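So the chains spell out like this:
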Amino acid sequence: MAIVIINPKGVEPWIDALKQVDSSIDIRTFPNDTSREDITFALTWRHPYGIFKDYPNLKCISSMGAGVDHLLRDEELPHHVPITRLVDPYLAQDMAEFALALVMNHLRDLNAFKLKQIQSIWKPAGYQRIKDVTIGVMGVGAIGSRVAGELMKSGFKVIGWARSPKEDEKFSVYVGVREIADFLQQAQILICILPLTPQTKRILNKDVFKLLPKDAYIINVGRGEHLAEEDLLEFISQGHLSGAALDVFTEEPLPALSSLWKHPRINITPHIASLTDPQSVAPQIVENYHRAMEGRPLLNLVSRERGY
Ligand code: GLV
């Protein structure tokens, strides 16, 4: 029985965090894990596709983040092994704080003042008040509902959109294709925090943009593949959208030649909206490891059919 950590970005903080929770766990790291038949649990982020067939005794594959699209894209992912994801208050809170920062940056147009500062230009300009702004949050799962809640605490009117009805939310949640137009028509700022599935791929496209109010602003902190980039550029250049903040891209790092880099109305950040903190999530990973070894129900189990 052993855990393998597969993470091209580095394994040391993960080993330390898991060992602090349970020093007895045998932890191996890919690709130096030679006896793969010992491995019963994989903790992974962007693994090389096809490798899981070399692990005959896996009882659980855990994503190192909230998303599992990188896992489900592997056509050779073993069908019998359950997949889990991480649900963590810091992941949700960090996302909420980042979304608030982007929204306020947009409302106060701080980028424009920075550009003027570089040219020593003193030129006051007006701004929108929080109380006059409705934000639409697409995807109101563990992270999205926290984002919505924090924005509401700051005084925004918030509405949500989800695939299936949500109970107990303090804001209106519009559901499915049937209600998406009602949702979009009100969203002056649209935040995408959806999971990436075949249904949500390129969901941020011209059909959605044209339903948004004039001057709407797009924030994509979901996945790059949610966005039809060419539609975004077209709707910004037509003046229907006022701009966008993008933290995720189809190809990461964003290629140097991408026209997004230099676009004056687009803010780029390198997928840093919300980073998994190994110390914070280690207890749930260790808990799931023990559950998997003992055949007990797993926490944060992913539905392959839903895709999240
Ligand atoms: C980050 O993108 C995650 O899925 O946690």
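Residues numbered from 1 in each chain as written. Predicted model: local features only at pLDDT ≥ 70, side-chain atom pairs only at ≥ 80, totals over all residues. Heavy atoms only, no water.

Asker: A description of the pattern of salt bridges should follow, citing residues and the corresponding values.
Answerer: For the coordinates displayed, the defined rule picks out 17 salt bridges. A salt bridge links Arg28 to Asp26, with the shortest nitrogen-to-oxygen separation between them at 2.7 Å. Two residues, Glu234 and Lys206, come together in a salt bridge whose shortest N-O distance is 3.6 Å. With Glu234 in helix 8 (residues 229-237) and Lys206 in helix 7 (residues 206-209), this residue pair connects regions lying 28 residues apart in the sequence. In the salt-bridge network here, residues are joined through shared partners; they are Asp69, Arg73, Arg223 and Glu225. (Salt bridge = Lys/Arg side-chain N within 4 Å of Asp/Glu carboxyl O. Helix = DSSP H or I, 4+ residues; strand = E, 2+ residues; numbered from the N terminus.)

Asker: Explain the site of the ligand to me, and be specific about the residues and the numbers.
Answerer: By nearness alone, every residue bordering the ligand is listed as Trp45, Gly65, Ala66, Gly67, Arg223 and His271. The separation between an oxygen atom of the ligand and a polar main-chain atom of Gly67 is 2.7 Å. Coverage of the ligand by the protein amounts to 86% of the 190 Å² it exposes when considered alone. Looking at the shell around the ligand, its residues break down into two nonpolar, three polar and one charged. (Near = heavy atom within 4 Å. Polar contact = N/O pair within 3.5 Å; in protein donor to acceptor, adjacent residues only side chain to side chain. Areas by Shrake-Rupley, 256 points an atom, 1.4 Å probe, with all protein chains shown as cover. Nonpolar A, V, L, I, M, F, W, Y, C, P; charged D, E, K, R; others polar.)

Asker: Give a detailed account of the environment of Leu246, specifying residues and quantitative values.
Answerer: In this fold, Leu246 is placed in strand 11 (residues 241-246). The spatial distance from the C-alpha of Leu246 to the C-alpha of Asp26 is 39 Å, given a sequence separation of 220 residues.

Asker: Go over the side chain of Asn220 with me, naming the residues and quoting the values.
Answerer: Mapped onto the secondary structure, Asn220 falls in strand 10 (residues 216-220). Of note is the side chain of Asn220, whose polar atom sits 3.1 Å from the backbone oxygen of Arg223.

Asker: Before we move on, can you summarise the domain arrangement of the protein with the specific residues and values?
Answerer: Per the domain assignment, the segments making up the protein are domain 1 (2-88 + 276-294) and domain 2 (89-268). Distance between the C-alpha centres of domain 1 and domain 2: 32 Å. Each partner contributes residues to the interface: domain 1 has 11 residues there, and domain 2 has 10 residues. Of the roughly 860 Å² buried where domain 1 meets domain 2, counting both sides, 52% is carbon and sulfur surface. Among the residues of domain 1 in contact with domain 2, Arg46, Asp69 and Asp88 are the three that bury the most area, contributing 53% of the side total. At the boundary of domain 1 and domain 2, one finds two salt bridges. Counting every contact that joins domain 1 to domain 2 gives five residue pairs in polar contact (both at pLDDT 80 or more). (Domains from an automatic or database assignment. Contact = heavy atoms within 4.5 Å. Buried area = accessible area lost by both parts, 1.4 Å probe.)

Asker: Break down the packing of aromatic side chains for me, with residues and values.
Answerer: Aromatic ring pairs are defined here through the distance separating the ring centres and the angle between the ring planes. What the rule picks out here adds up to four aromatic pairs. Both rings, one in Phe209 and one in Phe235, keep their centres 5.9 Å apart while their planes meet at 55 degrees; by these two values the pair is tilted. In this pair, Phe209 sits in helix 7 while Phe235 sits in helix 8, placing the two residues 26 residues apart along the sequence. Note on Phe235: relative accessible area 7%, which makes it buried. A cation over a ring is seen here: Arg108 above Tyr127, with NZ or CZ 3.7 Å from the ring centre. Above the plane of the ring of Phe113 lies Lys116, whose end atom (NZ or CZ) is 5.4 Å from the centre. (Phe/Tyr/Trp six-rings, centres within 6.5 Å; stacked < 30°, edge-to-face > 60°. Buried < 20%, exposed > 50% of the residue type's maximum accessible area, 1.4 Å probe, protein only. Lys NZ or Arg CZ within 6 Å of the ring centre and 35° of its normal.)

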